[in-house]
Each structure stands twice: as C-alpha cells, then as structure tokens.
Amino acid sequence: MGFDQLLFYVFAAVAVLGSLLVIGQTSPIYSVLALIVAFFGLSGLYVLLEAPFVAVVQIIIYAGAIMVLFLFTVMLLNVPREGASDWDRGHPHVRVWPVRLGTVLGVVMALQLVWALSRTVGLGAGVADQRPAASEVSELGRVLFTDYMFAFEVTSILIIVAMVGAVVLARKREN
Amino acid sequence: MPLGHYLVLSGLLFAIGATGVFVRRNIITLLLSVEIMLNAVNLAFVAFGRQFGTVDGQIITFFVMTVAAAEAAVGLALVIGLFRHRESLNPEAFTSLKW
Amino acid sequence: MAGLLDWLTAPQTIFFLTVTMVVFVALQLSAAVMVYAERKVAAFMQQRYGPYLVGPKGLLQPIADIVKLIFKEELKPKAADTLLFAAAPVISAIAAFTAFAPVPFGASTTFFGFLDEPMPLVVADINVAVLVIFAVTSMGVYGIVLAGWSSNSKYSLLGGLRSSAQMISYELAYGMSLATIVMLAGSLSLREIVDAQQGYWLGFIPKWYAFINPISFLVFATAGIAETNRAPFDFPEAEQELVAGYHTEYSSMRFALFFLAEYINMVTVAAVSTNLFLGGWHGPFIPEAYGWIWFLIKLAVLCFGYLWLRWTLPRFRYDQLMSFGWKLMLPLATINLLVSAAGVLYFGL
C-alpha cells in the first residue's frame with residue numbers, strides 16, 4: 001500500500017472515529033473536543049486532495065473559531081451530561097426505543113448511500129489521475145473575485161446579519 | 001485514491017451526522033451533528049474539484065464554511081435564549097407552542 | 001525495506017532531523033534564557049540587582065527554577081476532570097512548539113556541500129506558512145480554556161474564559177495585519193516574504209516592511225503581545241486580580257509546561273515579526289550563509305522590547321483591553337489594509 005493510501009485510511013479513521021464519539025458519548029464537552037479531532041482528520045484529507053488552503057482554513061475557521069464558540073456556550077450554560085435525571089427534571093429518562101430506531105435509520109441511510117455509490121460508474125478512477133491540481137492560492141483568489149463575486153458579496157451581508165442577530169438574540173432583557 | 005473512496009467516506013460522515021440529529025436529546029449536540037453533515041459535504045466538493053482539476057470545489061467550501069459559521073452563531077444565540085426560558089436543553093422541553 | 005533505509009540515510013532526511021532537533025532544543029533553551037533575561041531586565045529597570053547568587057551573575061538561575069519545579073508535589077483538585085486537567089498543558093505546549101515549525105531562520109544552505117541542492121533552514125517549508133502559524137496559534141486557545149474549565153474552580157474558569165476571549169479578539173487584528181503583508185509580498189510563504197525584503201534603498205536603508213508599513217508592524221506586535229497574554233495585556237493571569245487565572249490549580253511540571261508554552265509563544269511571535277517586518281536573516285557585513293546570526297540579533301531586540309513593555313507599562317483593565325482590541329486595533333488594521341491595497345494598485349509594488 002502506498003504511503004498516500006495509508007495516510008488516507010489513517011485520516012479517514014480519525015474523522016469517522018471522532019464523529020462517532022461526537023454522537024456516541026454523553027458529555028457535551030467531550031463531544032466538542034471529539035469533533036475538533038475529527039476536523040483535524042478532515043484537514044489531513046484536504047491536504048491529500050492537494051487543497052492546502054482549504055485544509056488550513058478548515059482549522060482556522062472550524063476548529064479555531066466555531067468550536068471555540070460551542071465550547072464557550074457549553075461552559076457558560078454549564079451543560080451536564082445528557083439524561084442526568086437530577087437536572088433535567090422535565091424529561092428524566094432517556095427513551096430507549098427512539099434511540100434504537102434512530103440508530104437503525106442512520107445505518108440504513110449509510111447503507112443506501114454506499115449502495116448508490118457502488119452502482120455509479122466512473123468512480124474507480126483515481127482522484128489525481130486525470131488532470132493536474134489547481135491549488136495555487138492566487139488562482140483561488142482570482143476565481144473567487146471574478147466568477148463568484150456575487151456570492152462573495154452576499155456572504156458578507158450574511159455574516160453581518162448573523163453577527164447582529166446573535167448579539168440581539170443573546171442579550172439579556174432589562175426588566 | 002479512487003474518487004469512490006472519498007465519496008463513500010463523505011456519505012458515511014453524512015450518515016453519522018444524520019444519526020446524531022435523530023438520536024441525541026441535547027440541542028448543542030444536535031448543532032454539532034449538523035456541523036458534521038456540512039463537513040461531509042465539503043469533503044465531497046473538494047474531492048470532485050480535485051478530480052476535475054478546477055478550484056471551484058474549494059471555493060464552494062468557503063461559502064459552506066461561512067454559512068456554517070453564521071448558522072452556528074445564530075443557533076447558539078437561540079440556544080442561550082431558549083435555555084434562559086425553560087432551563088433545559090432537551091428539545092422535548094420545547095414541544096408545546098404555548099407555555 | 002531497502003527503500004526505507006535509503007530514505008532514512010539520505011542527506012535530506014539527516015538534515016531535516018538535525019534542523020528539527022536544533023529547533024526543538026533551541027526553543028527550550030530560549031525559554032530558559034528568556035526567564036533569566038526577564039528577571040535581570042526587570043531588576044535593572046527597578047534599580048536593583050536580579051538573581052546573582054546562583055552561578056556567575058546568576059546565570060544558573062533558570063536551572064535552579066527548573067529543578068525546584070520538578071521536585072514540587074503534583075496536585076490535582078478532587079473535583080477536577082482528570083483527562084482534561086492533564087491534557088490542557090500538553091495542548092498548550094504542543095501548540096507553542098508547532099507554531100515555530102513553519103518559521104524559517106536562515107537562508108537556503110547546502111550545509112557546506114553536504115546536500116546536493118540548497119535546502120531552507122526551516123523545520124517545515126510550507127507554501128501557506130503564514131496561515132499555518134495563524135491556525136496553530138488559534139489552537140493554543142484550547143489549552144487555556146480547557147485548563148480553566150477542568151480545574152473546576154471559580155478563579156480558573158473566569159481566568160480561562162477571559163483569557164481565551166482576549167486571544168480570539170486579538171486574532172482578528174493579527175490576521176488583518178498579516179493580510180496586509182501578504183498583499184505587499186504577494187506570497188503566503190514566509191521564506192518568500194523574507195526574500196522580498198532584500199536590498200537597500202539609497203544604499204543603506206534596508207527594504208523592510210516595517211518601513212513601508214509601520215502601522216501594520218505596530219498592530220501586529222501589539223496583537224502578538226495580547227495573544228501571548230503578556231503585560232500590559234495580562235489581566236487574566238494577574239496575581240493581584242484573579243489569583244493566577246487559569247493556572248491557579250496547577251503545580252510542578254504541568255505549571256512548568258504552561259510557563260514554557262508562554263515563553264515559547266513569545267519567542268515565536270518575535271520570530272514571525274522578524275521575518276515579516278524586519279527582513280529576517282538579511283543584513284550587512286555577514287555572509288548570507290550565516291544569516292541566522294542576524295535573525296538571532298533581531299529576535300533578541302524584539303524580545304527585549306517585549307520585556308521592556310512588561311516592566312514599563314501598567315496593566316490594562318479587562319474591559320479596556322477588549323475595547324482596545326475591537327474598537328481601535330481592528331478598525332486601524334482594516335483601514336491600513338485598504339490603504340495598502342490602494343498603494344499596491346497605484347504604485348505597483
């Protein structure tokens with residue numbers, strides 16, 4: 001097995017295990033930390049796909065900013081483990097059958113996706129076989145500011161709206 | 001690496017995220033599962049972008065990341081507001097329309 | 001297997017391992033040197049002698065400190081989260097060491113003919129080096145916030161949250177001034193940014209970005225100090241305010257790791273500033289192959305500047321600190337970016 005293939009399996013395993021830990025275990029802080037580990041695995045996969053800029057931006061934005069936001073919220077709200085009955089008085093028990101049914105549905109979805117992909121033609125070719133990579137940051141910038149200019153401007157408005165909305169929604173009412 | 005491997009991984013991560021949305025009874029973990037799904041989609045975009053040799057896949061991932069960031073910010077602000085109202089983060093505590 | 005052995009004994013691999021070991025050891029030694037220099041500089045600025053008993057002129061004082069820290073008792077609060085309590089200083093230290101990896105400290109060298117082709121003096125020659133440093137610095141926030149949370153004590157939690165809020169606020173001004181320099185140099189690779197600062201105007205003024213864009217330099221240096229939680233931005237760990245902030249409950253080697261991480265972060269910020277603004281390893285009178293001497297000299301001057309600031313300026317209060325970062329540094333850096341962009345377009349730099 002080539003070194004690149006080995007790295008693919010290692011990073012894929014890290015991403016999948018991290019995601020499974022996110023949904024599998026009860027403490028929210030550990031969920032957030034497991035997701036950060038999964039993001040590192042995904043970042044490695046982006047490096048293998050010859051997209052170094054996306055890999056680093058994934059760490060900066062997702063693991064470095066969005067997850068810090070989640071971590072702050074979890075710490076400030078002092079979120080306990082799920083189903084801790086002494087705190088969640090309204091709904092003290094974890095309902096067993098919905099959890100099992102949900103897991104079954106998730107597994108069915110995974111199997112459906114894998115089955116659909118296995119019946120698609122043209123997926124056997126290597127990712128790097130046909131065309132050379134376009135990974136220069138200058139090329140990214142050029143295409144972003146020419147072809148995708150409208151989306152870029154709309155995204156900036158979206159960010160301002162989200163900022164203002166978050167501040168307004170989380171503000172304490174002065175009663 | 002064949003493109004199929006990357007797409008299967010992306011599908012698997014998407015299914016894991018969807019399972020999280022079905023199974024978890026904590027709003028913050030629900031938001032985390034949605035983030036997993038968005039990342040799975042990003043991976044598929046970058047893999048296809050690499051196969052066709054263009055940067056378009058990578059550029060779309062920027063927009064997905066930005067939307068994810070905005071959605072996480074507003075979602076968490078809503079969670080804080082909800083928590084102040086009902087002192088619970090279980091989505092089943094918010095099933096009645098009127099208090 | 002034979003291929004693996006060939007790869008292991010190839011000149012490039014040996015060079016790479018040597019550079020990595022040298023950088024690793026040099027960072028730890030630099031932390032020790034900074035500890036000693038801080039106490040001596042503080043002492044001379046306060047008109048007293050610093051450490052002078054241990055070794056000639058107190059030079060063995062850092063070793064005495066390290067020995068003391070090793071022999072202290074490892075305490076852990078009973079209600080502390082064990083895994084996170086142990087992992088937080090490790091995360092801080094890993095982020096501190098990794099942040100120095102993409103920083104080049106010398107010109108490309110064949111190491112006296114040992115190598116076939118010149119290789120740069122850097123642990124990891126990445127073409128998006130500037131962004132990687134930014135990313136790893138963002139990871140350092142987790143060490144602090146997890147330390148504050150896992151200690152399960154009021155002072156630690158408040159200190160950890162305040163400290164990490166300060167760090168992520170100043171990352172914005174940090175990133176904006178980085179973006180200005182990247183625009184001027186036209187590359188994200190630190191090596192190319194340093195090489196773009198070669199040469200002299202009028203024969204004697206070096207073409208540093210600190211002269212072309214002084215506002216960017218000041219914003220970057222200030223944001224760097226705030227990022228590393230150094231005075232005057234060290235409210236979250238000020239002894240008089242919050243006991244010791246996020247590392248209140250830590251003792252012995254875990255505390256030493258935090259300490260080490262803080263000093264190495266400072267050295268990394270100074271090193272990155274040197275490369276971005278002060279021309280890195282270029283300088284007169286010394287041949288290019290020994291450019292790392294100039295790098296060390298500039299690094300030492302910047303570190304002395306950081307020590308000077310600590311013992312001269314009073315501490316910012318937390319709300320003053322945050323409003324300084326958001327309302328002054330960030331708009332200043334943004335306007336500077338716009339003006340620099342106009343300059344690059346107009347003057348064709």
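It should be noted that the structure appears before, not after, this text.
Residues numbered from 1 in each chain as written. Chains lettered and ligands numbered in written order. Predicted model: local features only at pLDDT ≥ 70, side-chain atom pairs only at ≥ 80, totals over all residues. Heavy atoms only, no water.

1. With respect to the overall build of chain A
(1) Moving on: Counting secondary structure elements, chain A contains six helices and zero strands.
(2) Moving on: Burial analysis of chain A (175 residues in total) assigns 38% to the buried set.
(3) Moving on: Contacts in chain A between residues far apart in sequence, at least 24 positions, make up 56% of those at least 6 positions apart. (Helix = DSSP H or I, 4+ residues; strand = E, 2+ residues; numbered from the N terminus. Buried < 20%, exposed > 50% of the residue type's maximum accessible area, 1.4 Å probe, protein only. Contact = heavy atoms within 4.5 Å.)

2. A look at the side chain of Gln51 of chain B
(1) Moving on: Summarising the element assignment, Gln51 of chain B is placed in helix H2 (residues 27-52).
(2) Moving on: Classification of Gln51 of chain B by relative accessible area gives buried; the value is 6%.
(3) Moving on: Sequence-distant contacts of Gln51 of chain B, that is, excluding residues within four places in its chain, are made with Ala125, Gly126, Val127, Gln130 and Arg131 of chain A together with Leu3 of chain B.

3. A few points about the packing of helix H2 (residues 11-45) of chain C against helix H11 (residues 252-277) of chain C
All names here are of chain C.
(1) Moving on: Remark: H2 packs on H11, axes separated minimally by 9 Å, with the N-to-C direction vectors making an angle of 95°. Put simply, H2 runs roughly perpendicular to H11. Packed against H2, whose contacting residues are Leu27, Ser30, Ala31, Met34, Val35 and Glu38, the element H11 presents Phe259, Leu260, Tyr263, Ile264, Met266 and Val267 at the interface. (Axes fitted to C-alpha atoms, helices over the stretch in contact; angles between N-to-C directions. Parallel < 35°, antiparallel > 145°, perpendicular 65-115°, else oblique.)

4. Description of the interface of chain A and chain B
(1) Moving on: Tallying the contact residues gives 82 residues for chain A and 70 residues for chain B.
(2) Moving on: Contact between chain A and chain B buries roughly 6,900 Å² in total, counting both sides, with carbon and sulfur atoms accounting for 74%.
(3) Moving on: By the criterion of area lost to chain B, the three top residues of chain A are Ile23, Phe70 and Val127 of chain A, representing 10% of everything that side buries.
(4) Moving on: On inspection of chain A and its partner chain B, the count reaches one salt bridge.
(5) Moving on: The salt bridge partner of Glu50 of chain A is Arg50 of chain B, with a shortest N-O separation of 3.2 Å. (Buried area = accessible area lost by both parts, 1.4 Å probe. Salt bridge = Lys/Arg side-chain N within 4 Å of Asp/Glu carboxyl O.)

5. Here we look at the side chain of Ser33 of chain B
(1) Moving on: Following the sequence through the fold, Ser33 of chain B ends up in helix H2.
(2) Moving on: If we ignore the near neighbours within four places in the chain, the residues touching Ser33 of chain B are Ile23 of chain A together with Gly17, Gly20 and Val21 of chain B.

6. Considerations on a nonpolar patch on the surface
Residue and element names in this part refer to chain C.
(1) Moving on: Taken together, Phe44, Tyr49, Tyr52, Leu53, Val54, Leu60, Ile63, Ile66, Val67, Ile70, Phe71 and Met253 make up a surface patch of nonpolar side chains, about 1,300 Å² in accessible area.
(2) Moving on: Per element, the largest residue contribution to the nonpolar patch is five residues, and it comes from helix H3 (residues 61-71).
(3) Moving on: Locating Tyr49 in the fold gives a position in the loop between H2 and H3. (Patch = residues over 30% accessible without salt bridge, like charges linked within 9 Å, V, L, I, M, F, W, Y side chains within 5 Å. Areas by Shrake-Rupley, 256 points an atom, 1.4 Å probe, with all protein chains shown as cover.)

7. Structural notes on the interface of chain A and chain C
(1) Moving on: Contacts between the two partners involve 20 residues from chain A and, on the opposite side, 19 residues from chain C.
(2) Moving on: Taking both sides of the interface into account, the surface hidden between chain A and chain C amounts to around 1,800 Å²; carbon and sulfur atoms contribute 85%.
(3) Moving on: Area buried by chain A at its contact with chain C is led by Ile60, Phe72 and Met75 of chain A, which between them contribute 31% of it.
(4) Moving on: Put simply, chain A and chain C have zero salt bridges between them.
(5) Moving on: At the boundary of chain A with chain C, the tally comes to two residue pairs in polar contact (both at pLDDT 80 or more).
(6) Moving on: Residue assignment for the side of chain A that touches chain C shows that the elements contributing at least two residues are helix H2 (28-48) and helix H3 (52-77) of chain A.
(7) Moving on: Top element by residues in the side of chain A that touches chain C is H3 of chain A. It accounts for 13 residues.
(8) Moving on: Its residues assigned to classes, the side of chain A that touches chain C shows 18 nonpolar, two polar and no charged. (Polar contact = N/O pair within 3.5 Å; in protein donor to acceptor, adjacent residues only side chain to side chain. Nonpolar A, V, L, I, M, F, W, Y, C, P; charged D, E, K, R; others polar.)

8. Quick notes on unusual backbone geometry
For residues besides glycine, phi is generally negative; the peptide bonds are generally trans as well.
(1) Moving on: Even without glycine at this site, Glu50 of chain A takes up a positive phi of about 60°.
(2) Moving on: As for its position among the elements, Glu50 of chain A is in the loop between H2 and H3.
(3) Moving on: Backbone geometry places Gln47 of chain C, a non-glycine residue, at a positive phi of 60°.
(4) Moving on: Structurally, Gln47 of chain C is set in the loop between H2 and H3.

9. Details of the environment of Leu43 of chain B
(1) Moving on: For Leu43 of chain B, the position within the fold is in helix H2.
(2) Moving on: Setting aside anything within four residues of it in sequence, one finds Leu43 of chain B in contact with Leu42, Leu45, Tyr46 and Leu49 of chain A together with Tyr6, Leu9 and Ser10 of chain B.

10. Description of the nonpolar core
(1) Moving on: Judged by nonpolar contacts, the single largest core of 164 residues is most densely connected at Met67 and Phe70 of chain A together with Leu276 of chain C.
(2) Moving on: Phe70 of chain A has contacts with Val32 of chain A together with Ile28, Leu31, Leu32, Glu35, Ala72 and Leu76 of chain B, leaving out every residue within four places of it along the chain. (Core = buried A, V, L, I, M, F, W, Y, C linked by side-chain atoms within 4.5 Å.)

11. Description of helix H4 (residues 96-118) of chain A
(1) Moving on: For H4 of chain A, built from 23 residues, the straight-helix expectation of 33 Å at 1.5 Å per residue is met to within 8% by its first-to-last C-alpha distance of 33 Å.
(2) Moving on: Along H4 of chain A, the residues that are buried comprise Gly102, Gly106 and Ala110 of chain A.
(3) Moving on: In this structure, the buried side of H4 of chain A is in contact with helix H1 (3-23) of chain B. (Expected span 1.5 Å × (residues − 1).)

12. Let's talk about the pattern of salt bridges
All names here are of chain C.
(1) Moving on: Under the counting rule described, the total for this entry stands at seven salt bridges over all chains.
(2) Moving on: In this structure, Arg230 engages Glu38 in a salt bridge whose closest nitrogen and oxygen atoms are separated by 3.2 Å. With a gap of 192 residues between them, Arg230 in the loop between helix H9 (214-227) and helix H10 (239-242) and Glu38 in helix H2 connect regions that are remote in the sequence. Judged on exposure class, the residue Arg230 and its partner Glu38 are both buried.
(3) Moving on: Among the ionic contacts, a cluster of salt bridges with common partners joins Glu38, Arg230 and Arg310.

13. Notes on empty space enclosed by the protein
Residue and element names in this part refer to chain C.
(1) Moving on: Applying the stated criterion across every chain yields a total of five cavities of 30 Å³ or more.
(2) Moving on: As a volume, the largest cavity reaches approximately 260 Å³.
(3) Moving on: Along the wall of the largest cavity there are 22 residues; nearest its centre are Met167, Glu227, Thr228, Ala261 and Asn265.
(4) Moving on: For the lining of the largest cavity, the secondary structure elements donating two or more residues are helix H4 (82-99), helix H5 (129-150), helix H6 (154-185) and H11.
(5) Moving on: A per-element tally of the lining of the largest cavity places H11 first, with seven residues.
(6) Moving on: For the lining of the largest cavity, a count of residues per class yields 13 nonpolar, seven polar and two charged. (1 Å grid on protein atoms, 1.4 Å probe; cavity = no way out; pocket = protein on both sides within 12 Å on 5 of 7 lines; lining within 4 Å. Points joined across faces, edges and corners; volume = space filled by probe spheres on them.)

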